[in-house]
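Understanding the architecture of this molecule
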Amino acid sequence: MSASGSGVPNAASGPSNALKKGFPHVDLQGNDLPPSPAPSSPHAGRRYAIATELVFTEGSDQYNASSVPIYQSATFKQSSGGGGGEYDYTRSGNPTRTHLERHLAKIMSAQRALVVSSGMAALDVITRLLRPGDEVVTGDDLYGGTNRLLKYLSTNNGIIVHHIDTTQPEKVFEVLNSKTAMVLLETPTNPLIKIVDIGRIARAAHEANPSCLVSVDNTMMSPLLLNPLELGADIVYESGTKYLSGHHDLMAGVIAVNDLALGERLYFPINASGCGLSPFDSWLLMRGVKTLKVRMEQQQSNSQRIAEFLESNGFKVRYPGLRSHPQYDLHHSMARGSGAVLSFETGDVGVSERIVESAKIWAISVSFGCVNSLISMPCRMSHASIDAKTRAERAMPEDLIRLCVGIEDVDDLIDDLRRALVQAGAVNVTLDGIQARQGTSA
Ligand SMILES: Cc1ncc(COP(=O)(O)O)c(C=O)c1O
Ligand SMILES: N[C@@H](CCSC[C@H](N)C(=O)O)C(=O)O
């Protein structure tokens, strides 16, 4: 529809070329359009509770579209030969991506957010801040892909990587020094669900080297449950493939910072390499994030019931919602919930394999954060890129089963798991119920 409201563009009375250059908002048919459609959530910071902010957006879309338009365009016409338009080329910037970035910055309580093509692309962008000779201090339980990228950087780019048990801050303090350029933390860790004291380690890292960048992978928690920037981190990043989008229909990575100069340093490699998120995936992620709270709440309450079911039947379960978790208090001093990933041991790799293969509702799949429940064996799947010797040194149980809990009916999930445990021979069945087999659980 034309801005005049007639809906019929008048091509015959279109402006001259000179006029078009002089009036950038006049379209080819001569309609005087509202300003360049750059929909956004322009207010920095949250004004409402997160449940509201997740769905609430304000924009300057010319047609007041409720859902952000997908600007599926590689280039943007300029009003003069000197360029200068808000957007020129989608690798450098795109209105749909900007809309998402501003929305995420608000939700993540950050001054700036950047969205890229995957969680690993986000870490790649962050580690491009490093120079040969720089030291990185990180955990000994990390997502396999993170471990792989760090190994690549230490083998090929002269970065010195220290893998430390970050659940013990004193061990971290021993290696921090003036060359520590980055501390890279995951909490809870994937897949051992270990908890890291972000604030304590961030303070020590900044003392050792004031320009050290403390980066936190917040994928397991999402901004709904944890805001690492508020605990002293400089950079927070997440795989948007997981909870932020929630449906396993896209790959994305999100980086958020409060320091705008740091944000510019991170934007540079995104534009230079071209890993910014595509317009369509930006739109999908924008749609997905609106339901983060309802999804996560259901996933968490299901997880709590499932963790209690397994523990009460004699399995060693790792989940921060269980009082038996050795860092229960630390986790809940930082986070507003326990998340929806848990892992447990059976004591026997063969038994674990049979459980995974006997489950029906639980899909055998890597990843987490989806509305569907997933089951996997990290040592064979998500963490297979960590060699067996390193896995053993880091005490990763080969029989570990990871459950990534979805939004299904929790009784159905428990029934399916119980049946898989029985079918796999993981439990003794008596009139009183089931119990993990003697010697199979810790
Ligand atoms: C904790 C964690 N961080 C980062 C990533 C990387 O994300 P992506 O798969 O979107 O590259 C993953 C999984 O892939 C992960 O589990
Ligand atoms: N083949 C992939 C495995 C991805 S694992 C995805 C996710 N982070 C998880 O923990 O399940 C790879 O080699 O990266």
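Quick notes on the rules
- Residues numbered from 1 in each chain as written.
- Chains lettered and ligands numbered in written order.
- Predicted model: local features only at pLDDT ≥ 70, side-chain atom pairs only at ≥ 80, totals over all residues.
- Heavy atoms only, no water.
- UniProt positions renumbered as here; feature names shortened; annotations may be inferred.
- Near = heavy atom within 4 Å.
- Polar contact = N/O pair within 3.5 Å; in protein donor to acceptor, adjacent residues only side chain to side chain.
- Areas by Shrake-Rupley, 256 points an atom, 1.4 Å probe, with all protein chains shown as cover.
- Nonpolar A, V, L, I, M, F, W, Y, C, P; charged D, E, K, R; others polar.
- Pairing = 2+ DSSP bridges.
- Helix = DSSP H or I, 4+ residues; strand = E, 2+ residues; numbered from the N terminus.
- Axes fitted to C-alpha atoms, helices over the stretch in contact; angles between N-to-C directions.
- Contact = heavy atoms within 4.5 Å.
- Core = buried A, V, L, I, M, F, W, Y, C linked by side-chain atoms within 4.5 Å.
- Buried < 20%, exposed > 50% of the residue type's maximum accessible area, 1.4 Å probe, protein only.
- Salt bridge = Lys/Arg side-chain N within 4 Å of Asp/Glu carboxyl O.

Going by an unreviewed UniProt entry, the protein carries the name Cystathionine beta-lyase and comes from Penicillium alfredii. For the protein, the Pathway (unreviewed entry) comment in UniProt is given as "Amino-acid biosynthesis; L-methionine biosynthesis via de novo pathway; L-homocysteine from L-cystathionine: step 1/1." The record held by UniProt for the protein lists under Cofactor (unreviewed entry) the comment "pyridoxal 5'-phosphate".

Let us look at the site of ligand 2. Residues in close proximity to ligand 2 include Y143, R148, N190, K242, V366, S367, S382 and R402, which together make up its full environment. A distance of 2.7 Å separates an oxygen atom of ligand 2 from a polar side-chain atom of R148. Contacts to ligand 2 include S367, whose backbone N or O atom sits 2.6 Å from an oxygen atom. For ligand 2, the protein covers 71% of the area, taking 390 Å² as the surface of the free molecule.

In this section: the site of ligand 1. What surrounds ligand 1 is a group of 13 residues, the closest being G119, D217, S239, T241 and K242. Within the contact set of ligand 1, an oxygen atom lies 3.0 Å away from a side-chain nitrogen or oxygen of N190. Compared with its free state, where it exposes 380 Å², ligand 1 has 92% of that area covered by protein. For the shell around ligand 1, the class distribution of residues is five nonpolar, six polar and two charged.

The mixed open sheet is built from seven strands, whose spatial order is β1-β7-β6-β5-β4-β2-β3. This sheet does not close on itself; its edge strands, each paired only once, are β1 (112–116) and β3 (160–164). Between one strand and the next, the sheet's axes are offset by a mean angle of 20 degrees, whatever the strand orientation. As paired strands, strand β2 (residues 135–139) and β3 are joined by five bridges and run parallel to one another. By the bridge assignment, G139 is partnered in β3 with I164. In the packing of helix α4 (residues 119–127) onto the sheet, contacts are made with β1, β4 (180–186), β5 (213–217), β6 (235–239) and β7 (253–257), and the angle to β6 comes to roughly 155 degrees.

Counting residues in each nonpolar core, the largest one holds 88 residues, and the members touching the most others are I306, L310, L403 and L421. In this structure, L130, A181, Y237 and L262 belong to the second largest nonpolar core, which totals 27 residues.

Remember that side chains alternate between the two faces of the sheet whenever the strand is regular. Summarising the sheet, strand β13 (residues 427–430) and strand β14 (residues 433–436) pair through four bridges and their orientation is antiparallel. The partner of T430 across the bridge, within β14, is G433. Adjacent in sequence and paired antiparallel, β13 and β14 are bridged by two residues.

What follows concerns unusual backbone geometry. Of note, the amide linkage connecting T187 to P188 takes the cis form, showing an omega dihedral of -10 degrees. Secondary-structure assignment places P188 in the loop between β4 and α7 (198–208). Its identity as a non-glycine residue notwithstanding, I193 has a phi of 55 degrees, on the positive side. Structurally, I193 is set in the loop between β4 and α7. The exposure class assigned to I193 is buried, which follows from its relative accessible area of 1%.

On to the pattern of salt bridges. Enumeration according to the criterion identifies 16 salt bridges in this entry. Put simply, R128 and D124 hold a salt bridge, and the shortest N to O gap is 3.1 Å. A salt bridge links K316 to E345; the shortest N-O distance between them is 4.0 Å. On the criterion of sequence distance, the pair formed by K316 in strand β8 (residues 316–318) and E345 in strand β9 (residues 341–345) is long-range, its members being 29 residues apart. Using a relative accessible area of 34% as the deciding quantity, one classes K316 as partly exposed. Its relative accessible area of 12% is what places E345 among the buried residues. The network of salt bridges with common partners includes D140, D165 and K194.

Moving on, we come to the UniProt feature "modified residue: N6-(pyridoxal phosphate)lysine" (unreviewed entry) in the protein. Here, UniProt's "modified residue: N6-(pyridoxal phosphate)lysine" (unreviewed entry) annotation points to K242. Relative to the assigned elements, K242 resides in the loop between β6 and β7. Leaving out residues up to four positions away in the same chain, K242 has contacts with T219, S367, F368 and G369.

Here β4 lies mainly inside the structure; seven of its seven residues are buried. Where β4 and β5 come together, five bridges link them in parallel fashion. Residue pairing for β5: L184 is matched across the bridge by S215.

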